[in-house]
Amino acid sequence: MSAGPLREKIRSRVAFDMDEGDIAYYYALLFEIEYITKIVVSGVMSCLGDDADRNRYSLEYALVRANGIGEWVGVLQSTLTGPSAQFFRPQTLHVTRDLTERVQEGDWRFSVVKRISTIAERLGLPAKIGNKVALRQFFEFFVAVRNRTRGHGAITTETCNEICPILNEVIILLWDNCEIFKCDWVHLYQNLTGKYRVSPMMGEGLQFEHLKRSKDILLPGGVYIYIDGFHCVPLVFSGPGVEDIFLPNGNFKSDEFEVLSLITDEVSRKSGSAWSSPPGRLPASHTEGNEKLDQLGNTFTNLPDLARGHIKREELEKLLREQLLKLERHPIITLTGPGGIGKTTLTLVVVESLAKSEECPYDVVLWMSSRDVDLLDNGPKPVRPKVVTKESISRSIVELMEPPEYRQKGFEPQKFFERCLAEGAAGKTLFILDNFETVEDPVEIFRWVDTHLRHPNKVLITTRFREFHGDFPIEITGMSDSEARQLVVQEARRLGISDIVSDAYTQKLIDESDGHPYVIKILLGQVAKEGRAVTPERIIAGADQLLLALFERTYAGLSPSGQRIFLLLSSWRAFVPSIAVEAVALRPDNERFNVSGAIDELRRYSLVEEVVNKEEEQAFIGVPLAAASFGRRKLEVSPFKVAVELDRKLLMEFGAGSRDSSRHGVMPRIDRLVAAAASRASEDPGALESFLPVLEYLGTRVPKAFLRVATLLSEQKNPDNSRVKSYIRRYLESSEAAEKEYAWYWLADICHADDDPVGEVHALSEVAMLPMATPETFGVVANRINNNLKELKGRGVEKSWSNEVQQLIERVAEEMRRHIFDLDATNCSKLAWLYLNIGNQDLAYDIAKQGLSKDLGDEHCVRLIERLER
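Per chain, residues are indexed from 1 in the order of the written sequence. Selection of residues for local features in this predicted model requires a pLDDT of at least 70, selection of side-chain atom pairs for listing and counting requires 80 or more, and totals for whole chains, interfaces and linings are taken over all residues. Side-chain metrics rest on all non-hydrogen atoms present in the structure, leaving aside hydrogens and water.

**Student:** Report on the nonpolar core, specifying residues and quantitative values.
**Tutor:** In this structure, I565, F566 and L698 are the most contacted members of the largest nonpolar core, which totals 141 residues. Each helix corresponds to a stretch of at least 4 residues labelled H or I by DSSP, and each strand to a stretch of at least 2 residues labelled E; elements are numbered beginning at the N terminus. Of all the elements, helix 28 (residues 741–753) adds the most residues to this core, at eight residues. Filtering out sequence-adjacent residues up to four positions away, F566 remains in contact with Y555, L558, L602, L607, V623, A627, F630 and G631. Take the buried residues of types Ala, Val, Leu, Ile, Met, Phe, Trp, Tyr and Cys, join any two whose side-chain atoms come within 4.5 Å, and each joined set is a nonpolar core. Think of it in three bands: residues with accessible area under 20% of the maximum for their type are buried, residues over 50% are exposed, and the middle band is partly exposed, with areas taken using a 1.4 Å probe on protein chains only. A28, C160, V236 and F246 belong to the second-largest nonpolar core, a separate cluster that totals 86 residues. Residue contacts are defined here by distance: any two heavy atoms, one from each residue, within 4.5 Å place the two residues in contact.

Below, the structure is given as C-alpha cells:
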C-alpha cells in the first residue's frame with residue numbers, strides 16, 4: 001500500500017532532524033511515536049458506535065482536554081478493555097483486535113513490544129514482559145520511556161546513539177504492519193459544485209474515488225478512514241492537499257482547544273463546542289414514549305404525554321388527520337420543519353385525538369423517538385435518544401410488542417420489525433419515528449423502512465430535513481398571526497407579564513420570530529426574567545444554546561453551496577428576489593455552483609422563508625431572525641467569509657425589502673440595481689462592467705432587465721451601439737409578443753443612426769408582423785421604410801439595398817396587403833409606394849386605385865397614380 005502524507009511528512013521531519021545529531025534524532029523519533037499514538041487513538045475512536053451511555057463522546061471529551069500523551073494512552077487502554085469495547089462497529093473489530101490480541105514470539109507485534117521494553121530496561125525502568133504480549137502494551141512502555149528521558153531526564157548522546165536505531169525499527173514495523181495503517185485514510189473537501197476533492201493521506205484512497213464524481217452522498221468535510229464503510233476521524237485535522245496535519249494538544253479554554261502539528265510545530269485552535277456538554281449518560285427525553293403499550297380508545301399505543309398549553313393549529317391538524325385516515329394512499333408521511341416549530345406536538349395532538357375516536361383505523365400505534373435535545377421553557381437540554389440505528393429501532397419494537405419467541409436463541413429483532421412493517425404489529429399499525437434527522441443514516445433507514453412497509457400499515461416521520469423521495473411531505477412553518485397571538489397571551493399570563501406585553505410588542509414578537517412557537521416562548525421567558533419588554537434582536541443575539549439547538553445540526557447537514565447561500569442571506573436580513581441571490585452568487589469572480597439547487601436545499605431544510613409573487617411567478621426569500629443570528633455567528637469563522645461579504649455588498653444594491661414588498665414584484669429591485677450601476681458609472685465608467693454579468697443573468701429570467709441594460713449603456717458617454725443592440729435583441733428573444741413593439745422601434749432607431757438599412761428594415765418588418773399590429777402600425781412602418789429608401793436614393797447609395805432588404809420590404813407589403821380592407825386611403829398609398837420601391841409598378845398602381853376608391857380626394861393616391869400614368 002502507498003504510504004501517503006500521513007506517514008511521509010513525519011518521516012521527512014525525522015530524517016531532517018537526524019542530520020542535527022543523535023539527541024535531536026532521538027527527540028524527533030519520540031515526536032513521531034507520539035504522532036503515531038494520537039493517530040492510532042483517533043482512528044480507534046472512529047471505530048466506536050453510538051450507545052446510550054455516550055462512551056465515544058466521553059472518551060473524545062477527555063482527549064480534547066488531555067494535556068499529555070499519558071492521558072491519550074490511558075484513554076486508549078480504557079477504550080480497548082473497558083465498557084466501551086462492546087460498542088466497536090462489527091466491521092472494525094479486526095483493527096481493534098490487532099491492538100488487543102495476545103501474541104508470542106515470531107509475531108511482529110511481539111517484536112515491537114519486546115524492543116520498547118528493552119529500551120525501557122536500558123533506561124532503568126521496570127519493563128518485564130511475559131511469553132505473550134498485546135500491541136497496546138507498546139504505548140504504555142513508550143509513555144514511560146518518554147517521561148524518563150524527555151520529561152524527567154537528561155539523556156546523553158551515547159545513550160541516544162544506542163537507542164535511536166531500535167526506535168526507528170519499531171516505528172517502521174508499526175507503519176508497515178499495524179492494521180489501522182493498512183486502511184485508506186483521506187481528507188475530504190466538498191466544493192460548491194457538490195463534488196468532493198479527495199486527498200489521500202494513507203493508501204491510494206481508492207474506496208473514496210467515486211466521491212469525486214458523485215453528488216448524492218453528503219459527508220461533512222474532514223479526515224476519514226475506510227473500514228468497510230466511511231468513518232469520520234474528528235480528532236485529526238488537515239486540509240485539501242494535506243499540506244499539514246494537526247492533532248489535539250489540550251489547553252481547552254472557552255470551548256476551544258489547541259491543535260499542534262508535530263510535523264511543522266505550527267499551533268492553532270479549534271472549536272470544542274461539539275464536546276462542551278458534560279460526559280456520561282444523559283436523561284431520557286420527555287417525548288421518548290412509554291415503555292409499555294396502554295389502551296387508548298380502541299388502540300394500543302405507547303404515545304408520550306402531551307405537553308401542556310397546546311395552541312390549536314386547525315389547518316395543519318386537519319390535513320394530517322386526513323392523511324392518516326387514508327390507508328390506501330401515501331404509506332409514509334413526513335412532517336418537515338425547523339426545530340421547535342411544533343412537529344412533535346402536532347403529531348401527538350392529532351394521533352391521540354384520532355386514537356380516541358371511533359373512526360381510528362389503527363389497532364396499534366408505536367412511537368419511537370430519536371430526540372437528542374429537549375426544547376424546554378428554560379432552554380434546550382441534551383437528552384438520550386432512544387433509537388438511532390436499525391438495531392435500536394428493532395429492539396424498541398421488540399420491547400414494546402414482546403413477541404413469544406423473543407427470548408429464544410437465534411431471535412433476530414431486525415427481521416421481526418421488518419415483518420411488523422409488512423404484516424402489522426398485532427393488526428393495522430401506525431409507526432411513528434420522531435426526530436428522524438437524528439438517526440445515524442436517515443436516507444438508508446428510510447429506504448429500509450420503505451422497502452418492507454406494506455398496506456394497510458403506515459409510517460409517520462417528523463424531521464427537520466428530508467433527503468428522500470416517495471413520501472408525502474407536510475411542511476410545518478411558523479404559526480399564523482392569530483395562533484401566535486394566542487400563544488403570546490397564554491405564555492404571558494403563565495409568566496405573569498401580561499402588563500408588560502402590549503399589543504405592539506406582541507406583534508413585534510410575532511414578526512421577529514416569524515411565528516416560531518419555541519422562539520416566542522424563549523423571548524417571553526427573557527422578558528419575564530428582566531421584567532421589561534426587551535427587544536427580540538438583543539435576546540436572540542445572546543441565546544447561544546438556543547441557536548445551537550435549533551440550527552447546528554441542520555447547518556452541518558447542508559452542502560457547501562447551501563451553507564454559502566445561507567450565510568449570504570443571514571449576513572443581510574431582508575426579503576430579496578431569489579433570482580437576485582442567484583445572479584450575485586454566479587458573478588464571474590465566484591466559483592460556479594448550482595445556486596438554485598442551494599436555495600431549494602435551504603427550503604427543504606426550512607432555513608428560509610419564501611413568498612411568491614403570483615403575477616410574475618418570482619420567489620422572494622429571507623431568513624428568520626433566529627436563523628440569521630446563528631448564520632452571522634457561523635460567518636465569522638467561515639472560509640466563505642470574504643466571498644460572502646463581497647456578494648452581500650452587491651446584493652444590497654437591490655435595496656432592502658420586507659415580506660410585504662414582494663407584491664410589487666422584482667422589477668423595482670432590478671431598477672434599484674440599474675440606478676446604482678448608473679451612479680457608479682458616472683464616477684467611474686469601468687465600474688459598469690462589474691454590474692453587467694449580474695444584470696445579464698437577471699435578463700435570462702426577467703427579460704425586461706435586458707432593456708434596462710440597453711438603456712443604461714445608451715446613456716453612457718460615447719455609447720457602444722453594437723452592445724445596446726445586442727441587449728435589445730436578447731430581450732426580444734424571450735419577451736412576450738405584446739411587449740415587443742417598443743423594443744423593435746428602438747432597435748430600428750439605433751440601426752438608422754448606425755446607417756444600417758438592413759437592420760432597420762428588419763426591425764420595422766418585425767413590428768408589422770406582430771399579431772397585435774393595427775392599420776396605424778402598418779402606416780407608421782411603411783412610412784418609415786419609404787422615407788429611409790428615399791433618403792438612401794437622395795444620397796445615391798440605393799445600390800446598397802441588398803436582396804435581403806428587398807425581401808423584407810416585400811414581407812411587410814404582403815402583410816399589409818392581407819389587411820388592405822382595413823387600410824384607409826393614405827395607408828394604401830404607403831403600401832403602394834412599398835411595391836413601387838421594390839419594382840412592382842403594376843401592383844403599386846392597383847393598390848393606389850383601391851385607395852382612391854376609399855377616398856376620391858386623397859392627394860397621396862392621386863399624385864402616385866398621376867406619376868404611374870405618365
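Having seen it, we continue.
**Student:** Give me the lowdown on the pairing of strand 9 (residues 267–271), citing residues and values where you can.
**Tutor:** Within a regular strand, the side chains alternate between the two sheet faces. The pairing of strand 8 (residues 256–260) with strand 9 spans five bridges and is antiparallel. From the neighbouring strand, L260 faces strand 9, where its bridge partner is V267. Here a strand pair is declared whenever DSSP counts at least two bridges between the two strands. Between strand 8 and strand 9, which pair antiparallel one after the other, the connecting turn spans six residues, and D265 there sits at a positive phi close to 70 degrees.

**Student:** Explain the pattern of salt bridges to me, using residue names and the numbers behind them.
**Tutor:** Any carboxyl oxygen of Asp or Glu within 4 Å of a side-chain nitrogen of Lys or Arg constitutes a salt bridge here. Scanning the model with the defined rule gives 51 salt bridges in all. For R419, the salt bridge is made with E405, and the minimal N-O distance between the two is 3.2 Å. Separated by 14 residues along the polypeptide, R419 in helix 12 (residues 413–423) and E405 in the loop between helix 11 (390–401) and helix 12 bring together distant segments of the chain. The partner of R532 in a salt bridge is E530, and the shortest N-O contact between them spans 3.2 Å. Residues joined in a network through salt bridges with shared partners are D98, E101, D107 and R109.

**Student:** Explain the packing of helix 14 (residues 481–495) against helix 15 (residues 503–513) to me, and be specific about the residues and the numbers.
**Tutor:** A fitted line through C-alpha atoms serves as each axis, taken over the contacting stretch for helices, and the angle formed by two N-to-C directions is quoted from 0 to 180°. Their axes nearest at 10 Å, the elements helix 14 and helix 15 cross at an angle of 120 degrees. Between helix 14 and helix 15, the angle falls in the class oblique. In this structure, helix 14 meets helix 15 at a crossing whose hand is right-handed. On helix 15, the residues touching D481, A484, R485 and V488 of helix 14 are D503, T506, Q507 and I510. The residue classification treats Ala, Val, Leu, Ile, Met, Phe, Trp, Tyr, Cys and Pro as nonpolar and Asp, Glu, Lys and Arg as charged. All others, Gly included, are polar. Of the residues contributing to the contact of helix 14 with helix 15, the split by class is three nonpolar, two polar and three charged. Orientation categories follow fixed angle ranges, with anything under 35 degrees roughly parallel, anything over 145 roughly antiparallel, 65 to 115 roughly perpendicular, and all other angles oblique. By convention the crossing between two helices is left-handed if the near helix lies anticlockwise of the far one by an angle smaller than a right angle, and right-handed if it lies clockwise.

**Student:** Talk me through the packing of helix 11 against helix 13 (residues 442–452); I want residue IDs and the actual numbers.
**Tutor:** It is at 11 Å that the axes of helix 11 and helix 13 come closest, and there the two elements cross at 45 degrees. The orientation of helix 11 relative to helix 13 falls into the category oblique. The residues of helix 13 that touch helix 11, namely those facing K390, I393 and S394, are E444, I445 and W448. Taken together, the residues of the contact of helix 11 with helix 13 break down into three nonpolar, one polar and two charged.

**Student:** Before we move on, can you summarise the confidence of the model for the protein with the specific residues and values?
**Tutor:** pLDDT gives the predictor's per-residue confidence on a scale running from 0 to 100. Of the residues in the protein, 98% have a pLDDT of 70 or more, and the chain-wide mean is 89. Here helix 17 (residues 536–541) stands out as the least confident element of the protein, with mean pLDDT 81; strand 7 (residues 247–248) is the most confident, with 96.

**Student:** Go over the sheet that holds strand 6 (residues 230–232), please, and point to the residues and values.
**Tutor:** The strand order across the open sheet built from four strands is 4-3-5-6, with neighbouring strands paired in antiparallel fashion. Across the chains shown, the open sheet's two edge strands, defined by having one partner strand only, are strand 4 (196–202) and strand 6. Each strand of the sheet is rotated relative to its neighbour by a mean of 35 degrees, with strand direction disregarded. With five bridges connecting them, strand 3 (residues 184–190) and strand 5 (residues 222–226) associate as antiparallel partners. Across the sheet, D184 pairs through a bridge with Y226, a residue of strand 5. Along the sheet, helix 1 (residues 5–18) makes contact with strand 3 and strand 4, crossing strand 4 at roughly 55 degrees.

**Student:** Account for the state of the cysteines, with residues named and values stated.
**Tutor:** Here, disulfide denotes a covalent bond that connects the sulfur atoms of two cysteines. Throughout, disulfides are identified as pairs of cysteine sulfur atoms within 2.5 Å of each other. All told, the structure shown has zero disulfides when counted by the stated rule. The thiol of C828 is not disulfide-bonded; the next cysteine sulfur, from C861, is found 6.2 Å away.

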